[in-house]
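# Topology and contacts: notes
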Amino acid sequence: QPIFSTRAHVFQIDPNTKKNWVPTSKHAVTVSYFYDSTRNVYRIISLDGSKAIINSTITPNMTFTKTSQKFGQWADSRANTVYGLGFSSEHHLSKFAEKFQEFKEAARIAKEKSHEKMELTSTPSQESAGGDIQSPLTPESINGTDDERVMPEVTQNSEPRAEPTQNALPFTHSSTISKHWEAELATLKGNNAKLTAALLESTANVKQWKQQLAAYQEEAERLHKRVTELECVSSQPNEVHTQKTELNQTIQELESTLKKKEEEIERLKQEINSARELQAQRNSLTQKLQEVEIRNKDLEGQLSDLEQRLEKSQNEQEAF
């Protein structure tokens, strides 16, 4: 279940320019804070339909910045992007910023506790390993895959005990390969866990929306029944009449508003038609102007030709 939810328009920074905002939702969507108890982290998640447009884990080094009265942003280095939220009022923005600071502080405390726990856990390992830092043991790293379990056994069994110096290099190489594949396996399991968590969060959001939809439907049915009861109850005609009058006034107001909107649409259509006519006239005048310019060039050419012929004739007369 979300800890805190609000509605806002979601944006992301343009990955190419890193300056312009790109809207990732066509309308205002629900943006929620969630607590991941399995990893002890806080997340900001928002879905547009079935698409997760925000899935950001809050870290202690994040900062939520108010860039205007109704807009705020924060950078997520893991997702390599900057998220922006446009709210309907300054109050919603302030509330979201307060929650961000609160959960950021909680994430910092949780991180410090986990570091302390890791230090306490790693202290015996460091003493036994002679100061080398070892990663925490997990069931996967202890057991390993089938290939990882077979590889050390084969290396150890194929190792002649009489010549330890000659086989030291192959054993080291096998250990390096084994550690490499263990790291790859841990990375893949981590990604799988992240995807599983995102899927669970999406499923939880869908369930929540279904519950909200069912609640809205129940509320609508209850109101409909209430209206029917009021109409059927004859002992309260004045109240029913008053409610009907209010409903009629509301309907009239909506009809007048609709009429104004239709008039506005009609006016805009006329303006568009006028603009199209003006554009057509402009195109026609532009074409005529081009024709006149071409005609003018032709006349200039003819005039130049006549001047040359006149000059030639004068020269001939002078020569004569």
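The text that follows walks through the structure, step by step, so that each part is easy to find. It should be emphasised that the depicted structure is a prediction, and the values quoted were computed from it without experimental measurement. (Residues numbered from 1 in each chain as written. Predicted model: local features only at pLDDT ≥ 70, side-chain atom pairs only at ≥ 80, totals over all residues. Heavy atoms only, no water.)

### Brief notes about the overall build of the protein chain
Looking only at helices and strands, the protein chain features 5 helices and 8 strands. Across the 320 residues of the protein chain, 19% fall into the buried class. In the protein chain, once contacts between residues fewer than 6 apart in sequence are set aside, the share between residues at least 24 apart is 47%. As displayed, the protein chain offers around 24,500 Å² of accessible surface, 54% of which is attributable to carbon and sulfur atoms. (Helix = DSSP H or I, 4+ residues; strand = E, 2+ residues; numbered from the N terminus. Buried < 20%, exposed > 50% of the residue type's maximum accessible area, 1.4 Å probe, protein only. Contact = heavy atoms within 4.5 Å. Areas by Shrake-Rupley, 256 points an atom, 1.4 Å probe, with all protein chains shown as cover.)

### Describing a positive patch on the surface
Residues R39, R78, K111 and K194 make up a contiguous surface patch of positive charge. Counting through the fold element by element, R78 comes out in the loop between β7 (71-76) and β8 (81-86). (Patch = residues over 30% accessible without salt bridge, like charges linked within 9 Å, V, L, I, M, F, W, Y side chains within 5 Å. Salt bridge = Lys/Arg side-chain N within 4 Å of Asp/Glu carboxyl O. Lys, Arg positive; Asp, Glu negative; His and termini not counted. Charge placed at Lys NZ, Arg CZ, Asp CG, Glu CD.)

### Some words on the pairing of strand β1 (residues 4-13)
Here β1 pairs with strand β3 (residues 29-36) via 5 bridges, running antiparallel. Counterpart to T6 in the pairing with β3 is V31. Judged from the 4 bridges that link them, β1 and β8 form a sheet pairing that is antiparallel. What sits directly across from Q12, in β8, is Y83. Judged from the 3 bridges that link them, β1 and strand β2 (residues 21-23) form a sheet pairing that is antiparallel. Note on β2: the bridge partner recorded for Q12 is V22. (Pairing = 2+ DSSP bridges.)

### Quick notes on the pairing of strand β5 (residues 51-57)
Pairing of strand β4 (residues 41-48) with β5, which is carried by 6 bridges, proceeds in the antiparallel orientation. Bridge pairing links L47 to A52 in β5. Hairpin connection between β4 and β5: a loop of 2 residues separates the two successive antiparallel strands, and G49 in this loop has a positive phi of roughly 75°.

### Describing the side chain of D36
On the secondary structure map, D36 appears in strand β3. Using a relative accessible area of 10% as the deciding quantity, one classes D36 as buried. The residues touching D36, leaving out its near neighbours within four places in the chain, are V41, R43 and A197.

### Structural notes on the nonpolar core
One broad trend across soluble globular proteins is that nonpolar side chains are buried collectively. Counting residues in hydrophobic clusters, the biggest one holds 23 residues, and the most contacted among them are Y33, I44, I54, W74, L85, F96 and F100. Elements with a minimum of two residues in this core: β1, β3, β4, β5, β8 and α1 (90-128). Top contributing element to this core by residue count: α1, with 6 residues. (Core = buried A, V, L, I, M, F, W, Y, C linked by side-chain atoms within 4.5 Å.)

### Focus on the environment of K26
In this fold, K26 is placed in the loop between β2 and β3. For K26 and V10, which are 16 residues apart along the polypeptide, the C-alpha to C-alpha distance reads 8.6 Å.

### Considerations on the packing of aromatic side chains
Think of a pair of aromatic rings as described by two things: how far the centres are apart, and how the planes are tilted against each other in angle. A full pass over the atoms with the stated rule returns 14 aromatic pairs. Note on W21 and F71: the rings are 5.4 Å apart at their centroids and 65° apart in plane angle, and the pair reads as edge-to-face. Taken together, the residues W21 in strand β2 and F71 in strand β7 connect sequence positions 50 residues apart. The class for F71 is buried, based on a relative accessible area of 14%. (Phe/Tyr/Trp six-rings, centres within 6.5 Å; stacked < 30°, edge-to-face > 60°.)

### Description of the pattern of salt bridges
Enumeration according to the criterion identifies 7 salt bridges in this entry. With a closest N to O distance of 3.8 Å, E102 and K99 form a salt bridge. With a gap of 3 residues between them, E102 and K99 both fall in helix α1, about one helical turn apart. Taking the shortest distance from any N to any O, the salt bridge between E264 and R267 comes out at 2.3 Å. With E264 and R267 both in helix α5 (residues 237-319), this residue pair falls 3 residues apart, about one helical turn. For R267, a relative accessible area of 36% gives the class partly exposed.

### Thoughts on the side chain of D76
Structurally, D76 is set in strand β7. R78 provides the closest opposite charge to the buried, unpaired D76, separated from it by 5.8 Å. Within the structure, D76 has its side chain in polar contact with the backbone nitrogen of A79 (distance 3.4 Å). In this structure, D76 is in contact with N55, S56, T57, M62, T81 and Y83, ignoring residues within four places of it in sequence. (Polar contact = N/O pair within 3.5 Å; in protein donor to acceptor, adjacent residues only side chain to side chain.)

### Observations regarding unusual backbone geometry
With phi around 60°, K18 is a residue other than glycine that occupies positive phi space. Within the secondary structure, K18 sits in the loop between β1 and β2. By relative accessible area, K18 is classed as partly exposed at 46%. The backbone of N40 sits at a positive phi, close to 60°, despite the residue not being glycine.

### Considerations on the environment of A197
Tracing the backbone shows A197 in helix α4 (residues 168-232). Residue classification places A197 among the buried residues on the basis of a relative accessible area of 12%. Considered as a pair, A197 and T38 are 159 residues apart in the sequence and their alpha carbons are 9.0 Å apart.

Scope: geometric values only; no functional claims are made or implied.
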